[in-house]
Structure formats: structure tokens, C-alpha cells
Amino acid sequence: METATLNPPTPEAKTSCCGPDCCAETSTAAVQEGPATAKSEAEALVATVREHYAEIAKTGATCCGGGGCAVAPDPEDVARGLGYAPADLAALPADANLGLGCGAPIAHLALQAGETVLDLGSGPGLDALLAARLVGPSGHVIGVDMTPAMLARARANAAAAGQHQVEFRQGRLEQLPVVDSSVDAVTSNCVINLVPDKTAVFREIARVLRPGGRLVISDIVLDGTLPPSVMGAVEAYVGCIAGASRRQDYLDMLAAVGLGQVEILREIDYAQTMLEVAPTEIAGLLAGSGLAPKDVLGIVKSVTIRAVKPS
Ligand SMILES: C[S@@+](CC[C@H](N)C(=O)[O-])C[C@H]1O[C@@H](n2cnc3c(N)ncnc32)[C@H](O)[C@@H]1O
């Protein structure tokens with residue numbers, strides 16, 4: 001089948017190729033055979049995303065793309081390529097970085113000591129732990145993720161880092177386990193593209209932010225149209241590409257829930273960046289889907305967006 005992912009495999013993938021839980025064929029069947037209603041099709045996609053990231057959390061194996069289990073890039077190289085400061089990466093447990101982000105949003109959040117921060121789709125905890133260092137012991141960081149194995153990894157990383165002002169809650173971004181108007185700042189890194197009902201996520205962000213609170217997220221948006229083979233591939237969906245919205249649609253959704261002062265702080269050509277970080281691996285993944293770099297370059301962008309909840 002045709003698949004593609006630009007979330008590169010992690011080093012462990014070299015030796016743990018395609019167990020029964022992670023093969024794309026299994027996931028495709030789950031989606032294709034699901035009930036016909038849009039809601040249950042969306043839930044089938046969410047279940048596929050959860051299955052994919054559970055596998056990554058447990059084994060690091062992201063080897064189901066069309067390129068198979070080629071030599072994998074170092075997550076630290078990926079994070080540096082996306083803008084993380086080497087000193088920040090060195091200060092955290094290595095297990096907190098699986099190279100799953102598409103930006104470095106915490107650097108743009110201007111966090112102050114004592115603030116409350118919410119990280120949506122916290123994964124192994126990289127951004128939540130960086131935020132915890134900035135808000136300090138008087139602050140509070142809440143990471144939310146739907147995947148139990150990711151939460152377990154994040155909690156172990158918080159314990160290893162000795163950061164007690166961070167907690168990780170299991171929940172869905174579309175229905176956050178967070179009280180109204182209780183958060184100073186929301187962040188998220190390469191997650192909302194994975195959620196079929198993005199408007200629900202933005203509505204929840206507007207609900208939990210305090211008046212005057214801000215949002216800084218990094219996410220994938222599309223500037224143009226991807227080949228049909230990519231848009232139809234489950235691996236491209238779980239790899240943060242096929243579920244991405246067009247740039248203007250994304251910005252419109254933020255404005256529609258009442259968030260203001262929406263601005264793009266930074267943007268990078270995500271495909272180009274990944275090709276620079278890991279040229280052989282990414283070119284191999286694309287080739288496995290019958291694609292050349294020119295098919296995705298200039299279309300798959302990572303944007304870091306800021307918005308504010310009106311006072
Ligand atoms: C691409 S990873 C990014 C992880 C993290 N932000 C990072 O940069 O390392 C996506 C994460 O979002 C979580 N996720 C995806 N969709 C979700 C949803 N609808 N509700 C809650 N978590 C979700 C997955 O479980 C996974 O841990």
C-alpha cells in the first residue's frame with residue numbers, strides 16, 4: 001500500500017520493525033471498515049492515532065512508513081533542526097525527546113515564574129518539562145494526552161527531572177480535563193493536525209484560558225494540495241501531514257472561537273527541514289510512497305502561531 005510519514009523513525013526502529021500493532025495495513029483496515037457516519041469515522045482515526053503513538057511510546061518504533069526501517073535520524077538532531085536550544089535539550093532526560101514536534105513553541109511563550117501552563121498532546125513531556133523549568137516551583141504545568149503509554153513515559157521523565165510542578169492528565173483535546181478560565185498559557189507541538197475535529201480543540205482552548213491568557217502552538221498547515229496518494233494514506237495522517245488544514249482555514253478556526261491577535265511568529269518548510277536533518281531517511285520514506293521531495297516541498301509548512309483570549 002502507499003504510505004508516507006515525515007515524522008522520522010527513531011533509532012530503536014532499526015531493530016524493531018513492524019510488529020503486529022504498528023503495521024499500516026492494520027490501521028488502514030480499521031479506518032476503512034469503520035461505521036459510515038462522519039463521527040465514527042473520526043473516532044476511528046483518533047483510535048489509529050492513539051495506536052500509532054502508543055507504539056512509539058513503548059518501543060520508539062515508527063518503522064511502518066513506505067521506506068521501512070532504514071537508518072533513523074537522531075531525535076536530538078530533529079529537535080535542534082526545529083529550533084530547540086542544545087542547552088535546553090541537555091538539561092532534560094533524553095527520553096523526553098522522541099523527535100515528534102514540528103517547532104519549538106515554548107521559546108515564544110514568554111513564560112513567567114508562577115504561571116499555569118497547559119501542554120496539549122504532551123507526548124513524552126519535552127515541552128511540559130521545559131515549561132516547568134521556566135514557571136518554577138511556584139508555577140504549575142499540566143500536560144494532557146490521550147495515550148496511556150505516552151503519559152507513563154512523560155511521568156517517568158518528570159520524576160527523573162525532579163520536577164514536581166508538572167502533572168500529566170489523560171484526556172482528549174476535544175474535551176479537556178481542565179476547569180474554565182484556569183490557565184495563563186496554552187502550548188501544543190504538532191498535535192492539533194492529528195485531531196479530526198479541530199474546532200472542538202480551539203473551543204476548548206478558549207474555554208480554559210483565563211481572560212488575557214495566550215496561546216503559542218506549533219503545528220503543520222498546508223500551502224497547496226498534496227498528491228492523492230499522500231492524502232489517502234493512514235501513515236501520512238498519523239505522521240502529521242494528511243490531517244493538516246490549509247493555512248487560512250486554520251487561522252479562521254482560531255478566530256471563530258473568539259481568540260484574538262492571531263499572528264504567525266515563525267514558519268518553516270517542514271519537509272525541507274526534515275530532509276536537511278535526515279536526507280536519506282526522509283527521501284526513502286517518500287520514495288516508498290512513490291513520491292519525490294518535489295511533491296511535498298513548499299506545501300507542508302510548520303507554523304508557530306500566537307493568539308490571545310480577549311480580556
Ligand atoms: C506528534 S506527537 C507530539 C508529542 C509532543 N507534543 C512532542 O512534541 O513531543 C502527538 C501526541 O498527541 C497525542 N494526541 C493526538 N491526538 C490527541 C487527542 N485527540 N487528544 C489527546 N491527545 C492526542 C498523541 O497521543 C501523541 O502523544
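Bear in mind that the values here come from a model prediction, so they are computed numbers and not experimental data.

Moving on: the overall build of the chain. Along the backbone of the chain there are 12 helices and eight strands. Within the chain, buried positions represent 51% of all 311 residues. For the chain, restricting intrachain contacts to residue pairs at least 6 apart in sequence, the fraction spanning at least 24 positions comes to 80%.

The full set close to the ligand counts 26 residues, and Gly 101, Gly 121, Gly 123, Met 146 and Thr 147 are the nearest of them. Within the residue set of the shell around the ligand, elements represented by two or more residues are helix H2 (38-59) and helix H5 (126-135). The greatest single-element share of the shell around the ligand, amounting to four residues, is contributed by H2. Looking at the shell around the ligand residue by residue, the class counts come to 15 nonpolar, six polar and five charged.

If you look at soluble globular proteins, the nonpolar side chains tend to sit buried side by side. In this structure, Leu 118, Leu 129, Ala 131 and Ile 220 are the most contacted members of the largest nonpolar core, which totals 89 residues. Discounting residues that sit within four places of it in the chain, Leu 129 has contacts with Leu 92, Ala 96, Asn 157, Ala 158, Ala 161, Gln 163 and Val 166.

Once that is clear, we can look at helix H7 (residues 198-208). The complete set of buried residues in H7 reads Lys 198, Val 201, Phe 202, Glu 204, Ile 205, Ala 206 and Val 208. In the core, the buried residues of H7 are packed alongside strand E1 (116-120), strand E4 (183-189), strand E5 (209-222), strand E6 (245-246) and helix H10 (247-256).

With respect to the helices, strands and loops of the structure, Ala 85 is situated in the loop between helix H3 (75-82) and helix H4 (86-90). The partly exposed category is assigned to Ala 85, around which 13 C-beta atoms lie within 10 Å. On a C-alpha basis, the gap between Ala 85 and Ala 104 in space is 9.0 Å, while along the polypeptide they are 19 residues apart.

A separate point is the confidence of the model for the chain. Overall, the prediction assigns the chain a mean pLDDT of 85, with 84% of residues at 70 or greater. Taken element by element, the chain is modelled with least confidence in helix H1 (residues 24-32), mean pLDDT 39, and with most confidence in E1, mean pLDDT 99. Every residue in residues 1-34 scores below 50 in pLDDT, and together they form 113 contacts with partners more than four places removed in sequence or on other chains. Taken as a whole, residues 62-71 scores under 50 in pLDDT and shows 46 contacts with residues more than four places along the chain or in a different chain.

Reading the values: rules and limits
Residues numbered from 1 in each chain as written. Predicted model: local features only at pLDDT ≥ 70, side-chain atom pairs only at ≥ 80, totals over all residues. Helix = DSSP H or I, 4+ residues; strand = E, 2+ residues; numbered from the N terminus. Buried ≥ 20, exposed ≤ 12 C-beta atoms within 10 Å, placed from the backbone. Contact = placed C-beta atoms within 7 Å. Near = placed C-beta within 6 Å. Nonpolar A, V, L, I, M, F, W, Y, C, P; charged D, E, K, R; others polar. Core = buried A, V, L, I, M, F, W, Y, C linked by C-beta atoms within 7 Å. pLDDT = per-residue confidence, 0-100.

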